[in-house]
Amino acid sequence: METSNLVSRFFDAIRRDPCISTTHISIYMALVYYGKDQPAASTIHVYSQQIIDICKISSRSTYYRCMHDLHAFGYLQYMPVFKRNKPSQVLLLQK
């Protein structure tokens, strides 16, 4: 995944989007950071706690709300898995 291009497009898109907060940005950047170490596949497999630890969010409900917002706003495709032993899937989209 070309992270510099992805990050650049994300910041260009959020500049015009008043719905995006610093928490949304933090989660998205944590996903980009986490995804850089995974194989070149476009889908990132994540456990929520790992992303929460990277972006220093103290509430799981904030994480899930922001992930759903980012999905609804078209910045990523979020496929949650509600089992502790299976990671959720995230596809970072380019706007």
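Refer to the structure above for everything that follows.
Now for a quick tour of the structure. Keep in mind that what you see is a predicted model, and the values were worked out from it rather than measured.

**A word on the state of the cysteines**
Taken as a whole, this structure holds 0 disulfides when the rule is applied. Cys19 takes part in no disulfide bond, and the closest cysteine sulfur to it belongs to Cys66, at a distance of 12 Å. Of all cysteine sulfurs in the structure, the one in Cys66 sits closest to Cys55, which takes part in no disulfide; the separation is 8.6 Å.

**A word on the environment of Ile14**
Considering the arrangement of structural elements, one finds Ile14 in helix H1 (residues 3-14). A C-alpha to C-alpha distance of 20 Å links Ile14 and Ile57, two positions 43 residues apart in sequence. Those residues in contact with Ile14, other than ones at most four positions away along the chain, are Ile20, Ile25 and Tyr75.

**With respect to the nonpolar core**
Formed by 26 residues in total, the largest nonpolar core has its most connected members in Ile27, Leu31, Ile51, Leu76 and Leu92. When contributions to this core are tallied by element, the ones reaching two or more residues are H1, helix H2 (22-35), strand S1 (43-46), helix H3 (48-55), helix H4 (60-72), strand S2 (76-79) and strand S3 (88-92). Sort the elements by how many residues they give to this core and H2 lands first, with 6 residues.

**Quick word on H1**
In a regular helix each residue adds 1.5 Å, so 12 residues correspond to 16 Å; H1 covers 16 Å between its end C-alpha atoms and thus fits that length. The complete set of buried residues in H1 reads Leu6, Phe10, Ala13 and Ile14. Around the axis of H1, the buried residues are gathered within 90° of arc, so they sit on the same side. Along its buried surface, H1 packs onto H2 and S3.

**Observations concerning the side chain of His24**
Here His24 is to be found in helix H2. Among the residues examined, His24 registers a relative accessible area of 3% and is labelled buried. At a separation of 3.0 Å, a polar atom in the side chain of His24 contacts the side chain of Asp69. For His24, the contacting residues outside a window of four places in its chain are Cys19, Arg65, Cys66, Asp69 and Leu70.

Thresholds, definitions, all that
- Residues numbered from 1 in each chain as written.
- Predicted model: local features only at pLDDT ≥ 70, side-chain atom pairs only at ≥ 80, totals over all residues.
- Heavy atoms only, no water.
- Disulfide = S-S within 2.5 Å.
- Helix = DSSP H or I, 4+ residues; strand = E, 2+ residues; numbered from the N terminus.
- Contact = heavy atoms within 4.5 Å.
- Core = buried A, V, L, I, M, F, W, Y, C linked by side-chain atoms within 4.5 Å.
- Buried < 20%, exposed > 50% of the residue type's maximum accessible area, 1.4 Å probe, protein only.
- Expected span 1.5 Å × (residues − 1).
- Arc of directions from axis to C-beta.
- Polar contact = N/O pair within 3.5 Å; in protein donor to acceptor, adjacent residues only side chain to side chain.

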